[in-house]
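Chain residues, written in single-letter form:
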Amino acid sequence: MEFNNYTIKELSSLLRNKEISAVELTEMYLKRIKAKDVQINSFITVCEDTAREMARKAQQAIDRGEVGQLAGIPVSVKDNICTTQIPTTCASKMLENFVSPFDATAVDRLKNNYAVMLGKTNMDEFAIGCTSQRSVFGGVKNPHSTDFSPGGSSGGAAAGVAAGFCAAALGSDTGGSVRQPAALCGVTGLRPTYGTVSRYGLVAFASSFDQIGPIARSAEDCGILLSAIAGKDFYDNTTVELANTEYNSKIGSSIKGLTIGVPAEFFGEEIDDEVKTIVMNAAKQYESMGCTLKEVSLPSFKYALSAYYLISSAEASSNMGRYDGIKFGYRSLNGDTYDELIKNTRTEAFGDEVKRRIMLGNYVLSKENYNALFVKSQQVRAKIKEDFKNIFDTCDCIITPTTPHSAYKIGELESTPVKMYSANICTVPVSVAGLPAINTPCGYDKNGMPVGMSIVGRAFDESTIIMLADAFERSFVRREPAI
Ligand code: GLN
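Residues numbered from 1 in each chain as written. Predicted model: local features only at pLDDT ≥ 70, side-chain atom pairs only at ≥ 80, totals over all residues. Heavy atoms only, no water.

Near the ligand you find 15 residues, and of these Ala127, Gly175, Ser177, Tyr308 and Asn424 are the closest. Here a nitrogen atom of the ligand and a side-chain polar atom of Asn424 are 2.6 Å apart. Calculation on the ligand without its partners gives an accessible area of 290 Å², and the protein chains cover 100% of this total. Of the residues belonging to the shell around the ligand, the class tally is six nonpolar, seven polar and two charged. (Near = heavy atom within 4 Å. Polar contact = N/O pair within 3.5 Å; in protein donor to acceptor, adjacent residues only side chain to side chain. Areas by Shrake-Rupley, 256 points an atom, 1.4 Å probe, with all protein chains shown as cover. Nonpolar A, V, L, I, M, F, W, Y, C, P; charged D, E, K, R; others polar.)

What follows is the structure, given as structure tokens:
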């Protein structure tokens, strides 16, 4: 019996009913990774021994009756989320041998829930990218067809879940890196409201956007993971005291009478016709379930991509400043002076796209450009927030495509940065506004590649979007990749 297509909920009941042990389940997943991940390259590190040890402890907890739904569930963690004993490489030569002295808060909370960590997943270097090809460990492939990219930057996380290498995963989303790869791999992925999940131990890319988010086989499973990792953390002052972290509490409630906003700008000429049709049909399905669709507008949509790339690059250039070859990580053997050492270290250990963002960020923050680019982008950010607020005055949520196209062929976006940046055109407005959004698969294109829709919610109202995604998933038939 193989359990690789099972949800957390299903696995959890098998474990609880003693139909399988946590150790057996872990062995089953490890075996599948060993046999099949050569085709996908979704893991950077598989930590077999630690996983077995965690599974033993999980089984003891299950036997004692301490059975939270995550106990004994095999999960993966993106390789920019710090873990003790196991390397956290950020898919970069810079951190190739880096082992963190502490666990990220999200990892700590998974451990407290007795989840079993199988390993660390592949990604774009420092989470900068949309294709998961910019990894020093080689690119990730889409399990639905290995000619295609899985999206990024959490491509290893999404591909791993789609391929049945783990039941669920932690990814990170700055401008779309949980939602976009989830869409392109045909799985569910949730970006939480900024401030919901601690960033302590998440290697910083753009600090005012970064959030850790779950990727799983259902909206309900995303809710299970989010409920475990969310909430105030002493080590991250941007986390918020949350009244309710039971994110699945609304699942199964009636969605009749809810108003869903459909913003015209997200269905414009940049979006592929096939994607538009599939997402619109999904929206109409909500209508048949008793929701009202309302045409709305996000006038600032056209400025969101620029504002996001300018602000996030400014923040990235500052965050990358810690890699100087002195404190930790890679150190060049060349250079007689301090300045030369830093320069050579960065030249040798950062990839092209990371260097491009550092240069763009420094340009944005330079004295001559600061007002015209950085300050202006922050004004755009305020405007985008206001536009969303206006929509939420009359709507309970918003539906948009998650990506402008289904998966791209591997290599297709690599040489054209602007085209690559546009792959996030539908996800960045939500990131800029700090709102929550969930991607759920809603169809397949002519090549059989998945298409996803995003349901965007009010700030801290993850439970409504989880309920809505779940309502759709109940009748949607997912296709399992033939791997
Ligand atoms: N693709 C976007 C970027 O390169 C978003 C990445 C992310 O969300 N981590 O900035």
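Now that the structure has been shown, the text picks up again.
Here we take up the pattern of salt bridges. Evaluated as defined, the whole model comprises 25 salt bridges. Of the charged contacts in the structure, one is a salt bridge between Asp173 and Arg179, with a shortest N-O distance of 2.9 Å. Each member of the pair, Asp173 together with Arg179, is buried. Residue Lys327 is joined to Asp324 by a salt bridge in which the shortest nitrogen-to-oxygen separation is 3.2 Å. Counted as one network, the salt bridges with shared partners bring together Glu27, Lys34, Glu48, Asp49 and Arg52. (Salt bridge = Lys/Arg side-chain N within 4 Å of Asp/Glu carboxyl O. Buried < 20%, exposed > 50% of the residue type's maximum accessible area, 1.4 Å probe, protein only.)

Turning next to helix 1 (residues 8-16). Regarding helix 1, the residues found buried are Ile8, Leu11, Ser12, Leu14 and Leu15. Viewed along the axis of helix 1, the buried residues span an arc of 160°, placing them on a single side of the element. On its buried face, helix 1 is in contact with helix 2 (22-40), helix 3 (48-64), strand 2 (74-78), strand 4 (168-173) and helix 7 (219-229). Backbone geometry just downstream of helix 1 places Lys18 in the positive-phi region, at approximately 60°. (Helix = DSSP H or I, 4+ residues; strand = E, 2+ residues; numbered from the N terminus. Arc of directions from axis to C-beta. Contact = heavy atoms within 4.5 Å.)

This part covers the pairing of strand 10 (residues 437-444). Residues in a regular strand point their side chains to alternate faces of the sheet. Burial analysis of strand 10 places eight of its eight residues in the buried class, the great majority of the element. With three bridges joining them, strand 5 (residues 188-191) and strand 10 adopt antiparallel strand pairing. When the bridges of strand 10 are listed, Arg191 appears paired with Ala437. By the bridge criterion, seven bridges tie strand 10 to strand 11 (residues 450-456) in an arrangement that is antiparallel. In the sheet register, Tyr444 faces strand 11, and the bridge partner there is Pro450. Here strand 10 folds back onto strand 11, and the loop between the two strands holds five residues, one of which, Gly448, carries a positive phi near 85°. (Pairing = 2+ DSSP bridges.)

With 156 residues, the main nonpolar core has Leu70, Leu110, Phe126, Tyr286, Phe388 and Ile455 as its most contacted residues. Top contributing element to this core by residue count: helix 9 (residues 301-319), with 10 residues. (Core = buried A, V, L, I, M, F, W, Y, C linked by side-chain atoms within 4.5 Å.)

What follows is about the environment of Ala204. Structurally, Ala204 is set in the loop between strand 5 and strand 6 (211-216). In this structure, the C-alpha to C-alpha distance between Ala204 and Tyr444, residues 240 residues apart in sequence, is 34 Å. Contact partners of Ala204, with chain neighbours within four places excluded, come to Asp210, Asn319, Met320 and Arg322.

So, on to unusual backbone geometry. What is expected of a backbone is that most residues other than glycine have negative phi and most peptide bonds are trans. Cis rather than trans, the peptide bond between Gly152 and Ser153 has omega equal to 5°. Its place among the elements puts Ser153 in the loop between strand 3 (116-121) and helix 5 (155-162). One non-glycine residue, Lys18, lies in positive phi territory at about 60°. Inspection of the secondary structure assignment puts Lys18 in the loop between helix 1 and helix 2. Phi is positive for Asn41, close to 65°, though the residue is something other than glycine. Tracing the backbone through its elements, the reader meets Asn41 in the loop between helix 2 and strand 1 (43-46).

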